[in-house]
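Residue strings, one per chain:
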Amino acid sequence: MEQMKLRIAIDSDDAATGLKKVLFDYLKDQGIEITDLNYAETGSALYPDIGYHLAKRVQEKEFDRGILLCGTGLGMSIVANKVEGVYAGVCHDVYSAERLRKSNNAQIITMGARVIGPELAKKIIDAWIHSEFEGKGSLPKVERIHELESKSFHDSEGGTGDSGVSV
Ligand code: RB5
């Protein structure tokens, strides 16, 4: 089964340690390759640092996908999207989790432990794990995000200041 080969990292701040354990055990029990980075133990306990740390490891292709949990899912999503080539979205329903993969090709899902309960979180993760990017009509839109991202990240780095992307 293709999904079993996915290397998934998970982490959370202190607002979501309980949900992290529930989802870690849930995925581990299914034989899915899941790693708890537990950055708060050796690094910072702040959600921006925890989220950035995981997103960088996805960027470096150490992991295919990531799950980031905090109180609302919002802060983790914001910081993960600061890493070039890494895309994250908050999902508190099954449909969004499926579309996050199928339409947006985002590698990272974020959720808030103060927003949803563990049983719904498991269903959301199931939908996300078993969905892949569909391409088709979504491809030019995702490619456009990549262009705009490149402009945003690199236009201020010198040279002509023009990445060739017009907005
Ligand atoms: C607590 O630090 C809370 O702000 C955090 O868990 C998260 O909800 C931020 O978006």
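Placed above this text is the structure.
Residues numbered from 1 in each chain as written. Predicted model: local features only at pLDDT ≥ 70, side-chain atom pairs only at ≥ 80, totals over all residues. Heavy atoms only, no water.

### Quick look at the overall build of the protein
In step 1: Secondary structure summary: the protein contains seven helices and five strands in total.
In step 2: Helices and strands in the protein line up, N terminus first, as β-α-β-α-α-β-α-β-α-β-α-α.
In step 3: Computed over C-alpha atoms, the radius of gyration of the protein comes to 16 Å, within 12% of the 15 Å expected from 2.2 N^0.38 for 167 residues, which places it in the range of a compact globule.
In step 4: Viewed in the frame of its principal axes, the protein has a C-alpha envelope of about 50 × 35 × 30 Å.
In step 5: Across the 167 residues in the protein, those meeting the buried criterion constitute 42%.
In step 6: Contacts in the protein between residues far apart in sequence, at least 24 positions, make up 66% of those at least 6 positions apart.
In step 7: Accessible surface, the protein: about 8600 Å² in total, of which carbon and sulfur atoms supply 53%. (Helix = DSSP H or I, 4+ residues; strand = E, 2+ residues; numbered from the N terminus. Rg over C-alpha atoms; globule rule 2.2 N^0.38 Å. Buried < 20%, exposed > 50% of the residue type's maximum accessible area, 1.4 Å probe, protein only. Contact = heavy atoms within 4.5 Å. Areas by Shrake-Rupley, 256 points an atom, 1.4 Å probe, with all protein chains shown as cover.)

### Thoughts on the site of the ligand
In step 1: With respect to spatial proximity, the complete set of residues near the ligand consists of Asp13, Ala15, Tyr47, Cys70, Gly71, Thr72, Gly75 and Arg114.
In step 2: One of the backbone N or O atoms of Gly71 is found 2.8 Å from an oxygen atom in the ligand.
In step 3: Here an oxygen atom of the ligand and a backbone polar atom of Gly75 are 2.8 Å apart.
In step 4: Against a free-state accessible area of 290 Å², the protein chains account for coverage of 69% of the ligand. (Near = heavy atom within 4 Å. Polar contact = N/O pair within 3.5 Å; in protein donor to acceptor, adjacent residues only side chain to side chain.)

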